[in-house]
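# Survey of secondary and tertiary structure
Residues per chain are reported as follows:
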Amino acid sequence: MEPSTYAVDPQPTGPPWRLWEEVGEDTAARQGVYAPVYAVSFGARDRIVIAPGDSRSMTLIVEKCEGYCRGVDGRAGPNLACVECGRAAATRVDDCGSWQTVWLEPDAVVRRPSGRPAGPAPDWDDLERAEHRVPPVEPDGSWSRRWEAAVGVALAHLVAATEGRPVTLPAGPVAELLGHAVERYLPDGPGARSVGLAGPGIRLPHPRPDVLLVPRHPLTGAPWRPLGDEGVVVPMDGGVWGYLAHHPGETSPMPATGVLPEGVLRDDYPLPPHPWQSLTPHSGAFAYTLVRLPAIRAPRLRGYRTTFR
């Protein structure tokens, strides 16, 4: 989370957990899980996530600080208590491999105005700004963790939208950056569905592709849709979509082989960072998203359902 921002997860999260065998398909569906998983969360809905630096007046509950490596992962439930009253109020997560977050318990906090004037709410126009775009490569030359997660989520929606059928990606940044990830989860073969990029600030492809990659609204998270269009859309992280739609175009983040391709700058110093391998979507983000889409119950997706346990 960016400083001074928050998000709300409408799905149940965290403990208590119940095994799939104990829960059953119908009860799991009411918890928002539509394919067999090891355990189903029966934790609170509408937990609020903030950046750790924005938390105040809380202290760690030492006996609830379990973790896998060198941090805490929240497996035992809320591990932060209010300094004033001692009530468990939030869960700090900072174990290796996890996003640094603080999750506030919805029944332990109250929303109150700060008294300060509110800034303008973000809108679709923000996605066209250069500062909103998320570069795919970190300064150290590794792939962006946000990209890995965002591509995993988008691919889950793409698999559900196409029922696991082959797809063709548009030439350019989409095919270059997402091609390897798509090949990882979708087959080759005839009958491919066409995929196009659409959203604010760019022209809608014509003819309309079978599936549109569109951004999520920067405030509400709702996917963008062309006016009056009822076709299939696959939502993407707005910052990732912004980079794909308004790619700066100076250099490719993919390593060049053979002769220098058109557009690659020579004699750069320092050299632009290039990952040593193709972009791989985060498998956890892919699985977490796909099991929460009702379309996973389609017969054609049976093969995907066997991989989540």
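Higher on the page you've got the structure.
Summary of the structure given here.

What counts and how
Residues numbered from 1 in each chain as written. Predicted model: local features only at pLDDT ≥ 70, side-chain atom pairs only at ≥ 80, totals over all residues. Heavy atoms only, no water. Pairing = 2+ DSSP bridges. Helix = DSSP H or I, 4+ residues; strand = E, 2+ residues; numbered from the N terminus. Axes fitted to C-alpha atoms, helices over the stretch in contact; angles between N-to-C directions. Buried < 20%, exposed > 50% of the residue type's maximum accessible area, 1.4 Å probe, protein only. Polar contact = N/O pair within 3.5 Å; in protein donor to acceptor, adjacent residues only side chain to side chain. Expected span 1.5 Å × (residues − 1). Contact = heavy atoms within 4.5 Å.

### Focus: the sheet that holds strand β4 (residues 47-50)
Strands belonging to one sheet form pairs held by backbone hydrogen bonds; the direction of such a pair is parallel or antiparallel. The antiparallel open sheet is built from 6 strands, whose spatial order is β1-β4-β8-β7-β6-β5. Edge strands, defined here as strands with exactly one partner in the open sheet, are β1 (6-9) and β5 (58-60). When strand polarity is set aside, the average angle formed by the axes of neighbouring strands in this sheet is 30°. Summarising the sheet, β5 and strand β6 (residues 80-82) pair through 3 bridges and their orientation is antiparallel. For leucine 60, the partnering residue across the bridge sits in β6 and is leucine 80.

### Some details on helix α5 (residues 238-245)
Where burial is concerned, most of α5 is hidden: 8 out of the 8 residues are buried. For α5, the set of buried residues is Gly238, Gly239, Val240, Trp241, Gly242, Tyr243, Leu244 and Ala245. At the N-terminal boundary of α5, the capping side chain belongs to aspartate 237, with an oxygen 2.8 Å from the backbone nitrogen of glycine 239.

### What to know about helix α3 (residues 145-162)
For α3, built from 18 residues, the straight-helix expectation of 26 Å at 1.5 Å per residue is met to within 8% by its first-to-last C-alpha distance of 26 Å. For α3, a buried count of 14 out of 18 residues is recorded, marking the element as mostly surrounded by other parts of the structure. Directly after α3, the chain includes glutamate 163, whose backbone phi takes a positive value near 55°.

### Digging into the side chain of aspartate 73
Structurally, the position occupied by aspartate 73 is in the loop between β5 and β6. At 3.1 Å, the side chain of aspartate 73 and the side chain of arginine 75 are in polar contact. Beyond its immediate sequence surroundings of up to four residues, aspartate 73 is in contact with Glu66, Gly67, Tyr68, Val93 and Asp95.

### Observations concerning unusual backbone geometry
At the junction of proline 15 and proline 16, the peptide bond is cis and its omega measures out at 5° in the coordinates. Here proline 16 is to be found in the loop between β1 and β2 (17-19). Note the cis peptide between histidine 206 and proline 207, where omega equals 0°. Its place among the elements puts proline 207 in the loop between β10 (193-197) and β11 (211-215). Phi angles above zero are rare outside glycine, and aspartate 46 is one such case at about 60°. Mapped onto the secondary structure, aspartate 46 falls in the loop between β3 (39-41) and β4. In this structure, serine 57 is a non-glycine residue whose phi angle is positive, near 55°.

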